[in-house]
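Below are the chains, spelled out letter by letter.
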Amino acid sequence: MATFDDRNPYPPTATHDHDDDDGTSPIEQVRLTVTNSDDPTLPVWTFRMWFLGLLSCALLSFFNQFFSYRTEPLVITQITVQVATLPIGHFMAAVLPETKFRLPGFGSKKLFSFNPGPFNMKEHVLISIFANAGSAFGNGSAYAVGIVTIIKAFYHRNISFLAGWLLIITTQVLGYGWAGLLRKYVVEPSHMWWPGTLVQVSLFRALHEKDEQRMTRAKFFLIALICSFAWFIVPGYLFSTLSSISWVCWAFSGSVKAQQLGSGLRGLGLGAVTLDWSVAASFLFSPLISPFFAIVNVFLGYAMIIYIVMPLSYWGLDLYGARRFPIFSSHLFTGQGQKYNISAIVNDKFQIDMVKYEEQGRIHLSTFFALTYGFGFAAIASTLTHVAFFHGREIYHRFRASYKEKEDIHTRLMKRYKDIPSWWFHLLLLVTLAVSLVLCTVLNDQVQMPWWGLIFASLIAFIFTLPISIITATTNQTPGLNIITEYIMGVILPGRPIANVCFKVYGYMSMTQAVSFLSDFKLGHYMKIPPRSMFLVQFIGTILAGTVNLVVAVWLLDSIENICQDELLPADSPWTCPGDRVFFDASVIWGLVGPKRIFGSLGNYSSMNWFFLGGALGPIIIWLFYKAFPKQTWLPLVNLPVILGATGAMPPATAVNYNAWIIIGTVFNFFVFRYRKQWWQRYNYVLSAALDAGVAFMAVLLYFSVGDEGVTWWGTDGEHCELATCPTAKGINVDGCPVN
């Protein structure tokens, strides 16, 4: 396939290979990482790019949706594709024919070739952008698939394939429309530097350097992949107990308190470890790619909440009647410690049945689950004040400078390529909104959300996209709107669970997708990728990924018996859907029952709202201390949003996920990085990609070869912490638990 001509007809701007006052970026990290040169003759729309890009996008969306229903939902990110496609691209460049030919309709002067020359970095970037869409920009699968899952697997109702597809696609691309119009504010200015993209730029440059070592990156990747592939059959099939080695439970098999402390899956995970890579890389992503300072902040928050706050709340204060419920659970309970029968309080109109609700009584949460929401409130509020006080002046000056500054070298180099006409984004926005309105009116019986809810959600997302993009572009922190959007809709329209989650997805995900879209555009800006190529690859990749996500979801939901019903599945079944369980609980808390009956005057947890105030004040107090004691340079390093949000993934993440992630991350990103830096620089990311890929291929092979027919012995009978889910309050009688 010939190169798509995406260049302007006027002469190109001169390139610079050295720093100068007029042209270079004002950001030192950018000057050190991004080259000041460009070769506009490199082909980008090649057969290799389309083949590897579409294949990568389809495979990642398949694997990530497949894993999303498993107890350890491994997320395979674009880094795996970055590493894996490099040798494949070079192989294709070596073996594909170079013969040029013409295609009907393209004129006699337009020549095409399957192999226009060596595999280049720009092709590689576009393949990775495809892959990023396949991993939903690092989220695994499209967020709206969760709505299809909870309707079918938890509420036991139906949603048509068409309604599900329209919901997924519109929520994924709605934000692209206004994001494209914001590029001149947050992509082109050099002060909007997007720190997260520099990791990708560094990796691309490292991978494309000449590799003359005896152990090349490609050879190392292949060896590590084979080892990972072969090993996963042990924890994934033959000896699943190795996924959570909770030795405290084995030592104290008759003690509820010991098992609550020691269970890696259902307790506080004291001493729990794993020999399963999917456990280490689930929820928090690969520990090999997280910088050590981030690992330290997460560890501080995790240790504080799990080993100080939780024991004090559960055994010390019996907070909210904590001992009537499991110490760690995302289920909803009655006041007597029994699991709440949600189906009984949903009427034929898919709304709350108040008579049945009054019969069962108020919904109760495990204390850990309640505190998770509290710390979530605090993390959101603290992010806003932390960014305002510690980064506010920087953001303000950089945003003002972005209007006054001269174009830097990267923006000037990008001027040689044809820009995207504004009407592309206007049309995309209008079409997506129109289709979404059809979904909310013609198919309203399936999504519940009124048309005004769509407009309101879109307005919230649009208003927040620019300020949050600026925050992300300058600080690499992205405040989320998920709790805010579901809280707002729960107050306005309680009793309708699907309307609530639809409002959340339109209000939260369209903004998140817009920020991710702009981040990828900045990567393309640094790598000198033609803008039209970037846009089309992002758009096509998003449509393909969302479609594959839905097809895989429907297939698994219809083919696996009792999927997501952990109380009905065998002990070693991997199909427990932990993420969707939390998503379902949120639909009940915020939508079906409503925040007023949980966190308001009619609920048990109204005091959780004070976490908003505490979270907002925390960074201000730290900032005031820093102003009073400026010599204490460690104070600005106290990142309260990260500490408070450290356990934000719990549930569905468990203690053993955090233990493994912290230990492995510390080993590689502190000890190996410090004492074997050359090895780390060459192989760290390659190892991460190989481990992900090996686990993914073996997990799918196991599913298609043996299905749910596993071997039966002690080593496949769970983690052996059956008593970890037991309450400890007197008089609470739960099946399988001792009565106190």
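Everything numeric here is computed off the predicted structure, so don't read it as measured data.

Helix and strand content of the chain: 28 helices and 4 strands. Against the 2.2 N^0.38 benchmark of 27 Å for 740 residues, the chain shows a C-alpha radius of gyration of 26 Å, consistent with a compact globule. Along the three orthogonal principal directions, the C-alpha set of the chain runs to about 85 × 65 × 50 Å. A buried classification covers 58% of the 740 residues belonging to the chain. Long-range contacts, defined as pairs at least 24 residues apart, comprise 80% of the intrachain contacts of the chain with a sequence gap of at least 6. If you sum the accessible surface of the chain, you get close to 30400 Å²; carbon and sulfur atoms cover 64% of it. Side chains of the chain give 50 positive and 45 negative charges; the mean places of these two sets differ by 7 Å.

Residue position: asparagine 297 is located in helix α14 (residues 292–316). For asparagine 297, the contacting residues outside a window of four places in its chain are Leu637, Asn639, Val642 and Ile643.

Within the secondary structure, serine 688 sits in helix α28 (residues 677–706). Polar contacts involving the side chain of serine 688 include one to the side chain of serine 286, which spans 2.7 Å. Ignoring sequence-local partners within four residues, the contact set of serine 688 consists of Ser286, Leu288 and Ile289.

Counting across every chain of the model gives 60 aromatic pairs. Judged by centre distance (5.5 Å) and plane angle (90°), the rings of tyrosine 143 and phenylalanine 583 are edge-to-face. Taken together, the positions of tyrosine 143 in the loop between α4 (121–134) and α5 (145–154) and phenylalanine 583 in helix α24 (residues 578–592) put the pair 440 residues apart, joining distant regions of the chain. One aromatic cluster in this structure is built from Phe62, Phe63, Phe66, Phe67, Trp555, Trp575, Phe697, Tyr703 and Phe704. The ring of tryptophan 575 carries the charged tip of arginine 70 above its face, separated from the ring centre by 5.2 Å.

We now examine the nonpolar core. Grouped together as the largest cluster of nonpolar side chains are 206 residues, with contacts concentrated most on Tyr69, Tyr155, Ile342, Ile363 and Phe599. Counting residues per element, this core draws most heavily on helix α22 (residues 497–527), which supplies 18 residues. Excluding residues within four positions of it along the chain, tyrosine 155 makes contact with Ile150, Ile342, Val346, Phe350, Pro497, Ile498, Phe584, Ser587, Val588 and Leu592. Val256, Cys726, Val734 and Cys737 belong to the second-largest nonpolar core, a separate cluster that totals 7 residues.

All told, the structure shown has 3 disulfides when counted by the stated rule. Two residues share a disulfide in this structure: cysteine 249 and cysteine 721, whose sulfurs sit 2.0 Å from each other. Around the S-S axis, the bridge from cysteine 249 to cysteine 721 shows a dihedral of about 110° and counts as right-handed. Taken together, the residues span a long stretch of sequence, with cysteine 249 in helix α11 (residues 247–251) and cysteine 721 in the segment after α28 at a distance of 472 residues. Among the residues examined, cysteine 249 registers a relative accessible area of 1% and is labelled buried. Disulfide pairing is shown between cysteine 564 and cysteine 577; the S-S distance is 2.1 Å. Between cysteine 564 and cysteine 577 the sulfur-sulfur dihedral comes to about -75°; the bridge is accordingly left-handed. You can see cysteine 564 sitting in the loop between α23 (531–559) and α24 and its partner cysteine 577 sitting in the loop between α23 and α24, a full 13 residues away along the chain.

Moving on to the environment of glutamine 351. Inspection of the secondary structure assignment puts glutamine 351 in the loop between β3 (332–333) and α15 (354–360). On the basis of relative accessible area, glutamine 351 is assigned to the partly exposed category, the value being 25%. A sequence separation of 48 residues divides glutamine 351 from alanine 303, and the C-alpha atoms of the two residues are 40 Å apart. If we skip the residues at most four places from it in the chain, glutamine 351 touches Ile345, Val346, Gln448, Gly495, Arg496 and Leu592.

Moving on, we come to the packing of helix α27 (residues 655–675) against α28. Direction vectors running N to C along α27 and α28 enclose 140°, while the axes themselves pass 6 Å from each other. With respect to α28, the axis of α27 lies oblique. Touching Phe668, Asn669, Val672, Phe673 and Tyr675 of α27 are Lys677, Trp679, Trp680, Asn684 and Leu687, all from α28. In terms of residue class, the contact of α27 with α28 is built from 7 nonpolar, 2 polar and 1 charged.

Moving on, we come to the confidence of the model for the chain. Summing up the model confidence of the chain, the mean pLDDT is 86 and the portion of residues at 70 or higher is 95%. Counting contacts from residues 1–21, a segment whose pLDDT is below 50, to residues more than four positions away or on other chains yields 56 contacts.

On the surface, Trp610, Leu613, Leu617, Ile621, Phe625 and Phe629 cluster together to form a nonpolar patch covering roughly 660 Å² of accessible area. Within the secondary structure, phenylalanine 629 is located in the loop between α25 (610–628) and α26 (640–644).

As a further point, take unusual backbone geometry. Residue proline 652 is bonded to the preceding proline 651 through a cis peptide linkage, with omega at 15°. The backbone of histidine 156 shows a phi angle near 60°, a positive value even though the residue is not glycine. One can find histidine 156 in the loop between α5 and α6 (161–181). In the Ramachandran plot, cysteine 577 falls in the positive-phi region, its phi being about 50° despite a non-glycine side chain.

Time to look at helix α9 (residues 217–231). With 15 residues, α9 ought to run about 21 Å at 1.5 Å a step, and its terminal C-alpha atoms sit 21 Å apart, in line with that. Of the residues making up α9, those classed as buried are Arg217, Phe220, Phe221, Ala224, Leu225 and Ser228. When α9 is viewed along its axis, its buried side chains cluster within an angular range of 130° and face the same direction. Structurally, α9 contributes buried residues whose contacts are with α3 (78–95), α8 (195–208) and α28.

A few words on the environment of glycine 480. One can find glycine 480 in the loop between α20 (451–475) and α21 (482–492). When the C-alpha atoms of glycine 480 and threonine 512 are compared, they prove to be 7.8 Å apart, with 32 residues separating the residues in sequence. Not counting residues within four places of it along the chain, the set of residues in contact with glycine 480 comprises Ile380 and Tyr508.

Bringing the pattern of salt bridges into the picture now. Side chains bearing opposite charge may pair, as long as their charged atoms lie close to each other. If you walk through the whole model with that rule in mind, you get 7 salt bridges. A salt bridge links glutamate 123 to arginine 48, with the nearest nitrogen and oxygen atoms 2.8 Å apart. Highlighted residues: glutamate 123 in helix α4 and arginine 48 in helix α2 (residues 47–68), separated in sequence by 75 residues. The exposure class of arginine 48 is buried, given its relative accessible area of 0%. The partner of arginine 183 in a salt bridge is aspartate 419, with the nearest N and O atoms 3.1 Å apart. Pair noted here: arginine 183 is in helix α7 (residues 183–186) and aspartate 419 is in the loop between α17 (409–414) and α18 (422–441), with a separation of 236 residues, a long-range link. Judged by its relative accessible area of 9%, arginine 183 is buried.

Calculation criteria
- Residues numbered from 1 in each chain as written.
- Predicted model: local features only at pLDDT ≥ 70, side-chain atom pairs only at ≥ 80, totals over all residues.
- Heavy atoms only, no water.
- Helix = DSSP H or I, 4+ residues; strand = E, 2+ residues; numbered from the N terminus.
- Rg over C-alpha atoms; globule rule 2.2 N^0.38 Å.
- Buried < 20%, exposed > 50% of the residue type's maximum accessible area, 1.4 Å probe, protein only.
- Contact = heavy atoms within 4.5 Å.
- Areas by Shrake-Rupley, 256 points an atom, 1.4 Å probe, with all protein chains shown as cover.
- Lys, Arg positive; Asp, Glu negative; His and termini not counted.
- Charge placed at Lys NZ, Arg CZ, Asp CG, Glu CD.
- Polar contact = N/O pair within 3.5 Å; in protein donor to acceptor, adjacent residues only side chain to side chain.
- Phe/Tyr/Trp six-rings, centres within 6.5 Å; stacked < 30°, edge-to-face > 60°.
- Lys NZ or Arg CZ within 6 Å of the ring centre and 35° of its normal.
- Core = buried A, V, L, I, M, F, W, Y, C linked by side-chain atoms within 4.5 Å.
- Disulfide = S-S within 2.5 Å.
- Axes fitted to C-alpha atoms, helices over the stretch in contact; angles between N-to-C directions.
- Parallel < 35°, antiparallel > 145°, perpendicular 65-115°, else oblique.
- Nonpolar A, V, L, I, M, F, W, Y, C, P; charged D, E, K, R; others polar.
- pLDDT = per-residue confidence, 0-100.
- Patch = residues over 30% accessible without salt bridge, like charges linked within 9 Å, V, L, I, M, F, W, Y side chains within 5 Å.
- Salt bridge = Lys/Arg side-chain N within 4 Å of Asp/Glu carboxyl O.
- Expected span 1.5 Å × (residues − 1).
- Arc of directions from axis to C-beta.

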